[in-house]
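Per-entry structural report
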Amino acid sequence: MSNNTKAPLLLGIESSCDDTSAAVVRGCELLSNVIASQAVHSAYGGVVPEIASRAHLQNIVPVVSEAIRQAGVSLQEIDAIAFTAGPGLLGSLLVGTSFVKGLHLALDVPLISVNHLRAHVLAHFISEPEEEHRSPEFPFLCLLVSGGNSQIIKVDNPYQMEVVGQTIDDAAGEAFDKCAKVMGLGYPGGPVVNRLGNEGNPNRFVLAKPNVAGLNYSFSGLKTSFLYLLRDELALNPNFIEENKQDLCASLQKTVVDILMGKLLKATKEYKIKRVAVAGGVSANTALRQAFADYAQRYGWDIFIPKFSYTTDNAAMVAVAGYFSFLQSDFVSPDIVPFVRTTLER
């Protein structure tokens, strides 16, 4: 380990799905963040695990090398290695964990296991050199929305987080992707729905908003409602989707955002917390970001919205999550195995 008196220097590695990423942080300050994406999956309408694993094998060494180079440090200066242990695709996670185990043996530095969901929440603490940064004070509520997760999380501190509401079936991002797929918009569908939706009338079509008790979500009924709408209209007009895709995307987008924000508002009142953050891939959606700004003005929220580059899977958030674990000397043995499914509390 380096013996300087500065904040610890951490290497973060993310390989939970189809993005290979490496980042270097000093404390929470980001020195580099390199991501290699895999565009090949769009041809298959979703991530193919075997292809993703093979791509990680090709990408991980050059990605880590480039992150170290951009940070202007050497591997010998690294104080610890933080890596995504799960949840995610098993093959992808195995590539990352196997690589960091080898690096651990070579460098003789501690290993830090990072929960991917926790990392998304802690992305709000990434700071960049010579840039003013504002992180949420504790406690705060975080809406974590992605292709696989839709959760409301009460964050008491970097080590204590409680899921107070979550989807009981599909995630918000999954609803976007599947509805986009039936419209023939390709994969991933979320960004396409966002782009087209911004050009359409969000009040054109009325879609179902499932009535779920408490702070939990449900998006399966919304998907069914959308499919029935397309089925009925296509029977009358075979060109219905092409002639109305902007309005369809706008209406779908508005309904998802309304569902998400309705439960989040309920959570702020129930827990009497007005510091509210959003994280995960769907937090890049411009309609959701605008809704956050509108609710902040209407209800006096103090809101925190990540940069677009920190919404999708990235190693910067893994490294920062690892930094907080480093402060607690929360290290793991090199015999750790990745986990495919987990709760936030794991």
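Conventions adopted
Residues numbered from 1 in each chain as written. Predicted model: local features only at pLDDT ≥ 70, side-chain atom pairs only at ≥ 80, totals over all residues. Heavy atoms only, no water. UniProt positions renumbered as here; feature names shortened; annotations may be inferred. Helix = DSSP H or I, 4+ residues; strand = E, 2+ residues; numbered from the N terminus. Buried < 20%, exposed > 50% of the residue type's maximum accessible area, 1.4 Å probe, protein only. Contact = heavy atoms within 4.5 Å. Salt bridge = Lys/Arg side-chain N within 4 Å of Asp/Glu carboxyl O. Polar contact = N/O pair within 3.5 Å; in protein donor to acceptor, adjacent residues only side chain to side chain. Domains from an automatic or database assignment. Buried area = accessible area lost by both parts, 1.4 Å probe. Nonpolar A, V, L, I, M, F, W, Y, C, P; charged D, E, K, R; others polar. Expected span 1.5 Å × (residues − 1). Axes fitted to C-alpha atoms, helices over the stretch in contact; angles between N-to-C directions. Parallel < 35°, antiparallel > 145°, perpendicular 65-115°, else oblique. Left-handed = near helix turned anticlockwise from the far one by under 90°.

The feature "binding site: Fe cation" (unreviewed entry), as annotated in UniProt, sits at His116, His120 and Asp313 in this numbering. With the annotated positions falling across 198 residues, the maximum pairwise C-alpha distance of 8.6 Å places them together in a single cluster. Of note, histidine 120 is situated in helix α3 (residues 116-122). For histidine 120, a relative accessible area of 5% translates into the label buried. Those residues in contact with histidine 120, other than ones at most four positions away along the chain, are Leu144, Ala279, Gly280, Thr311, Thr312, Asp313 and Met317. Following the sequence through the fold, aspartate 313 ends up in the loop between β10 (302-304) and α9 (315-327). Leaving out residues up to four positions away in the same chain, aspartate 313 has contacts with Glu14, Ser16, Cys17, Asp19, Ile35, His116 and His120.

Once that is clear, we can look at the pattern of salt bridges. What the rule picks out here adds up to 13 salt bridges. Where lysine 154 meets aspartate 156, a salt bridge forms, and the shortest distance between an N and an O atom there is 2.6 Å. Put simply, lysine 254 and aspartate 258 hold a salt bridge, and the shortest N to O gap is 2.7 Å. You can see lysine 254 and its partner aspartate 258 sitting in helix α7 (residues 240-271), 4 residues apart, about one turn around the helix. It is possible to trace a salt-bridge network through shared partners that takes in Glu128, Glu131 and Lys307.

Looking now at the side chain of serine 16. Along the chain, serine 16 falls in the loop between β1 (9-14) and β2 (20-26). A distance of 2.5 Å separates a polar atom in the side chain of serine 16 from a polar atom in the side chain of glutamate 14. For serine 16, the contacting residues outside a window of four places in its chain are Thr84, Pro87, Gly88, Leu89, Ser92, Leu93, His116 and Asp313.

For the protein, the assigned domains are domain 1 (9-126 + 310-328) and domain 2 (140-305). Its C-alpha centre places domain 1 at a distance of 28 Å from the equivalent point of domain 2. Between domain 1 and domain 2, roughly 1500 Å² of surface is buried when both sides are summed, and carbon and sulfur atoms account for 70% of that area. When the buried surface of domain 1 facing domain 2 is broken down by residue, Val121, His124 and Thr311 rank first, second and third, together holding 37% of it. Summed over the shared surface of domain 1 and domain 2, the result is 0 salt bridges. The tally of links between domain 1 and domain 2 comes to 4 residue pairs in polar contact (both at pLDDT 80 or more). Elements that contribute at least two residues to the side of domain 1 that touches domain 2 include exactly α3 and α9. Of the residues that constitute the side of domain 1 that touches domain 2, the class distribution is 7 nonpolar, 9 polar and 1 charged.

Let us look at the side chain of histidine 116. Here histidine 116 shows up in helix α3. You can call histidine 116 buried: its relative accessible area is 7%. Among the polar contacts listed, one links the side chain of histidine 116 to the side chain of aspartate 313, at a separation of 3.0 Å. Those residues within four positions of histidine 116 in sequence are excluded, and the remaining contacts are Glu14, Ser16, Thr84, Gly86, Pro87, Asp313 and Met317.

Time to look at α9. A rise of 1.5 Å per residue sets the reference length of α9, with its 13 residues, at 18 Å; its end C-alpha atoms lie 19 Å apart and thus fit the reference within 8%. α9 sits mainly inside the fold: 12 of its 13 residues count as buried. All of the buried residues along α9 are Ala315, Ala316, Met317, Val318, Ala319, Val320, Ala321, Gly322, Tyr323, Phe324, Ser325 and Phe326. Residues of α9 that are buried in the fold lie against β1, β2, β3 (29-36), β4 (80-86), β5 (111-115) and α3. Backbone geometry just downstream of α9 places serine 329 in the positive-phi region, at approximately 55°.

Glancing now at the environment of alanine 287. With respect to the secondary-structure elements, alanine 287 resides in helix α8 (residues 286-299). Taking the relative accessible area as the measure of exposure, alanine 287 reaches 22% and is therefore partly exposed. For the pair alanine 287 and lysine 254, spaced 33 residues apart in the sequence, the C-alpha separation amounts to 7.4 Å. Excluding its chain neighbours within four sequence positions, the residues that come into contact with alanine 287 are Asn194, Gln253 and Val257.

Moving on, we get to the packing of helix α5 (residues 189-197) against α7. Orientation of α5 relative to α7, taken along the N-to-C sense of each, is 110°, at an axis distance of 7 Å. With respect to α7, the element α5 is oriented roughly perpendicular. You can see that α5 and α7 cross each other, and the crossing is left-handed. Between α5, through Val193, Asn194, Leu196 and Gly197, and α7, the contact on the second element is made entirely by Lys245, Gln246, Cys249, Ala250, Leu252 and Gln253. In terms of residue class, the contact of α5 with α7 is built from 5 nonpolar, 4 polar and 1 charged.

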